[in-house]
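# Analysis of the macromolecular model
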Amino acid sequence: RLRQRGVLVVAAIGNGGPNAKPLYPAGYKDVVSVTAVNGKRNIFRLANRGKYLDFAAPGVNIRHASPNGALDTSSGTSIAAPFAAVAILLASDGNGRITGNSLNKLRRSALDLGKPGHDPVYGYGLIRPLP
């Protein structure tokens, strides 16, 4: 229903491991699903896999503020999803709307990781903001 309203949903693919069943909402066709990679661009060992995966983004040992105000480090696909959401927002029309054409440009500009082309481990690859 959100896509029908023009809202693009970006969701973490999940941390259930390579053999986990699809996690929703990431498993839905119209949702952009995101996995996590480390600083060497290797997949997060607990990340789900699947043909429905769209992009990889930084998500391993990411420093962030903790609830008590100190710095902390976390890993997971939920940490990676905001990185992808920002790249998608930057590709929007300036009012936050993203077109299929813009998503296709992001897919083509992603840094291919793993097997050539789209694959169930890295999707289209490491998402990069469009120039």
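Above this text you will find the structure in question.
Since the structure is predicted, the reported quantities are computational estimates derived from the model, not experimental observations. (Residues numbered from 1 in each chain as written. Predicted model: local features only at pLDDT ≥ 70, side-chain atom pairs only at ≥ 80, totals over all residues. Heavy atoms only, no water.)

## Observations concerning the environment of arginine 97
Worth spelling out the cut-off: Each helix corresponds to a stretch of at least 4 residues labelled H or I by DSSP, and each strand to a stretch of at least 2 residues labelled E; elements are numbered beginning at the N terminus.
Secondary-structure assignment places arginine 97 in the loop between helix H1 (77-90) and helix H2 (100-109). As for arginine 97 and glycine 6, which are separated by 91 residues in sequence, their C-alpha atoms are 7.2 Å apart.

## A few points about unusual backbone geometry
The condition is simple: Under the scheme applied here, a residue whose accessible area is under 20% of the maximum for its type counts as buried, over 50% as exposed, and between as partly exposed, the area being computed with a 1.4 Å probe on protein chains only.
A cis geometry characterises the amide bond from tyrosine 24 onward to proline 25, with omega recorded as 20°. Topologically, proline 25 is positioned in the loop between strand S1 (9-12) and strand S2 (31-37). Phi at arginine 41 takes a positive value of approximately 65°, unusual for a residue other than glycine. Note on placement: arginine 41 falls in the loop between S2 and strand S3 (55-58). In this structure, asparagine 61 is a non-glycine residue whose phi angle is positive, near 55°. Following the sequence through the fold, asparagine 61 ends up in the loop between S3 and strand S4 (62-65). Residue asparagine 61 is classed as exposed on the basis of its relative accessible area of 55%.

## Some points on H2
Rules: Here, the arc refers to the directions that run from the helix axis to the C-beta atoms. We call two residues contacting when some pair of their heavy atoms lies within 4.5 Å.
The set of residues buried in H2 consists of Ser102, Leu103 and Leu106. Down the axis of H2, the buried side of the element spans an arc of 100°, and every buried residue falls inside it. Against S2, S3 and H1 lie the buried residues of H2.

## Remarks on the packing of aromatic side chains
Defined as follows: Aromatic contacts are taken between Phe, Tyr and Trp rings whose centres are within 6.5 Å, Trp giving its six-membered ring; a plane angle under 30 degrees counts as stacked, one over 60 as edge-to-face, and the others as tilted.
The final tally for this structure, using the stated rule, is two aromatic pairs. Summarising the aromatic geometry, the rings of tyrosine 24 and tyrosine 28 are spaced 4.7 Å apart at their centres and angled 55° between planes, so their arrangement reads as tilted. Residue tyrosine 24 is classed as partly exposed on the basis of its relative accessible area of 47%. For the ring pair phenylalanine 55 and tyrosine 124, a centre distance of 6.1 Å and an interplane angle of 45° mean the geometry is tilted. Highlighted residues: phenylalanine 55 in strand S3 and tyrosine 124 in the segment after H2, separated in sequence by 69 residues.

## Some words on the sheet that holds S2
This is how the line gets drawn: Strand pairing is assigned whenever DSSP detects at least two bridges linking the two strands. Note on definitions: angles span 0 to 180 degrees between N-to-C directions of axes, and those axes are lines fitted to C-alpha atoms, for helices only across the stretch in contact.
Here we have three strands laid out as an open sheet, ordered S1-S2-S3, and parallel in their pairing. Of all strands in the sheet, those with a lone pairing partner are S1 and S3, marking the two edges. Ignoring strand direction, the axes of neighbouring strands in this sheet form an average angle of 40°. Judged from the four bridges that link them, S2 and S3 form a sheet pairing that is parallel. The residue bridging alanine 36 from the neighbouring strand is alanine 57, located in S3. Seen against the sheet, H1 touches S1, S2 and S3 and runs at an angle of roughly 125° to S2.

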